[in-house]
Amino acid sequence: MDVTVGIGLGFFAWLLVRCVLSGFYTVDQNQRAVKTVFGRAQRLGELTTLDDPIAESLTGDQRERYVYPQVRVIPPGGPYFKWPWERIYKVSVATETVNMAYDPQAPEANREGTMLEAVTKDQLNTGLTGQIRYQVSERNLYAYLFGVTHPIAHVMGYFVSVLRERIATFEAPGVAGHEDALDATSVEGISINDLRKNLRDLNEHMDKECQSASARYGMLLEASLITGIDPPAEVESALAAINTAHNHVSSDISLATAAADQRIVESRRAVEIETLKAEAEVEPLRRLAVQLTALQATGRPAMLAYVRNAKLALFSNARRVITEVKS
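Residues numbered from 1 in each chain as written. Predicted model: local features only at pLDDT ≥ 70, side-chain atom pairs only at ≥ 80, totals over all residues. Heavy atoms only, no water.

Undergrad: So what exactly am I meant to see when it comes to the packing of aromatic side chains here?
TA: Aromatic ring pairs: the centre-centre distance and the angle between the two ring planes describe each pair. Inspection of the entire model under this criterion finds ten aromatic pairs. Between Trp 83 and Trp 85 the ring centres are 5.5 Å apart and the planes differ by 10 degrees, which places this aromatic pair in the stacked class. Relative accessible area serves as the criterion here: at 40%, Trp 83 is assigned to the partly exposed category. Pairing Tyr 142 with Phe 146 gives two aromatic rings, centres 5.3 Å apart and planes at 55 degrees, and the pair type is tilted. Taken together, the residues Tyr 142 and Phe 146, both in helix 4 (residues 141-147) and four residues apart, mark about one turn of the helix. An aromatic cluster of three or more residues is present, and its members are Phe 24, Phe 38, Phe 81, Trp 83 and Trp 85. Lying across the ring of Tyr 158, Arg 216 places its NZ or CZ 4.4 Å from the centre. (Phe/Tyr/Trp six-rings, centres within 6.5 Å; stacked < 30°, edge-to-face > 60°. Buried < 20%, exposed > 50% of the residue type's maximum accessible area, 1.4 Å probe, protein only. Helix = DSSP H or I, 4+ residues; strand = E, 2+ residues; numbered from the N terminus. Lys NZ or Arg CZ within 6 Å of the ring centre and 35° of its normal.)

Undergrad: Before we go on, may I ask you to explain helix 5 (residues 151-169) in this structure?
TA: In an α-helix, one turn spans 3.6 residues; hence positions three or four apart end up facing the same way. With 19 residues, helix 5 should reach 27 Å at 1.5 Å per residue; the first-to-last C-alpha distance of 27 Å fits that figure. Among all positions in helix 5, only Pro 151, Ile 152, Ala 153, Val 155, Met 156, Tyr 158, Phe 159, Val 160, Val 162, Leu 163 and Ile 167 are buried. (Expected span 1.5 Å × (residues − 1).)

Undergrad: Even after reading the chapter, I still don't get the nonpolar core, so can you show me in this structure?
TA: In terms of nonpolar packing, the biggest core is built from 41 residues, with Met 100, Leu 128, Phe 159, Leu 163 and Leu 221 touching the most fellow members. At the level of secondary structure, the elements contributing two or more residues to this core comprise strand 10 (116-119), strand 11 (125-136), helix 4, helix 5, helix 6 (191-197), helix 7 (199-209), helix 8 (213-217) and strand 12 (219-230). Those residues in contact with Phe 159, other than ones at most four positions away along the chain, are Met 100, Ile 132, Met 206, Cys 210, Leu 221 and Ser 224. (Core = buried A, V, L, I, M, F, W, Y, C linked by side-chain atoms within 4.5 Å. Contact = heavy atoms within 4.5 Å.)

Undergrad: Is there a simple way to explain the packing of helix 5 against helix 7 in this structure?
TA: Axis angle and axis distance: for two packed helices, these are the angle between their axes and the distance between the axes, and together they describe the pair. Two elements in contact, helix 5 and helix 7, have axes separated by 10 Å at closest approach and are oriented at 135 degrees. Classified by the angle their axes make, helix 5 and helix 7 are oblique. The interaxial crossing formed by helix 5 with helix 7 has right-handed handedness. The residues of helix 7 that touch helix 5, namely those facing Tyr 158, Phe 159, Val 162, Leu 163, Arg 166 and Ile 167, are Leu 202, His 205, Met 206 and Glu 209. Split by residue class, the contact of helix 5 with helix 7 holds seven nonpolar, one polar and two charged. (Axes fitted to C-alpha atoms, helices over the stretch in contact; angles between N-to-C directions. Parallel < 35°, antiparallel > 145°, perpendicular 65-115°, else oblique. Left-handed = near helix turned anticlockwise from the far one by under 90°. Nonpolar A, V, L, I, M, F, W, Y, C, P; charged D, E, K, R; others polar.)

Put into C-alpha cells, the structure is as follows:
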C-alpha cells in the first residue's frame, strides 16, 4: 500500500513539474516566438503572405510558389504558459552582419569566406569584398521556421547569384548605347573601372533586387555594402597603367578645351569691339543725313550756304589747292 501511494505521489509530482512548472516561459526583447499545437503552428485565420505588403515585390510565378500562412507571433514578455503538447519556437530578430562571401554550407569556400569571385562583362575574374545586414522577418516567421530548411543558406545563395549576374552585365550609366562617343571621364571597355566608380548604384540595385527575400525565405536583407573590387595582380598592374595613360589624355583634352574656350571668348570680344567701332563711325553719318534732309526742306539758299561753309572748312585743312581759271 505504501508503495502504491509513493508511486502515485511521484507521478503527481512529475506531472506537476512536467505540465505546470515547466510550462512557463518568457520571450526576450530581441526575440519573437511561435507556438505549435500538436506540430501545427497557430495561424491567423486564412491569411497568407500574399495578403501582406511584403509580397508586393514578388513576380507572378513567385506569388504561386511562395505562399505561406501567417502565424500568430508571441511578442516579448512573459511569463507565458504552454501545455506539454505545445512547443515554442523562439527566433532572434536582431540585425546581424555577415561577410558577403560567407557560405553557410561550405565555410571553406570563397577563400574561407573572405572574398567572393565574379566574372565581369569583359571576362575578367575579379574579387568582391563587403558585408550584408539582415534580420529575421517578423511578418513571415512561418517561412523561416517551417518553410525553408536552411534560410540563411538560401538567402546567401540568392544574393550571390543576383550579384554575379549584375557584375557580368554591368555598364556604367550614360555609356551603354553610346560606344562611339568619346568620354573624357571614363575608360570605355573596362568594366572594373565602371564598377568601382558606381559602387553606390550597384549596392542600391542589390537592395532593390533582394526586397523579395522576406516573402520568399522569411529573412529581410536590410542593406548590402560592397566595399572592394579587386582584380588579379597582373590585371591590376595593367589597369593602373591604362588609367595613368587615360589621366594624361584627359588632362591634355581638358587643357585643349580650356584653350579653345578662351580663344572663342576672345574672338567674341574682338567682334563686339569692332562692331562698336563701326557703329561709332556710322552714327555721325546718320545724324548728318538727318540734318541735311532738314536743311534741304528749308530751301535751296540754305543748302548752298552749307556747301560753301563746308568747302571753306576743307580749304582750311588743305595744304595745296588747285583752282581752274577761266580765260
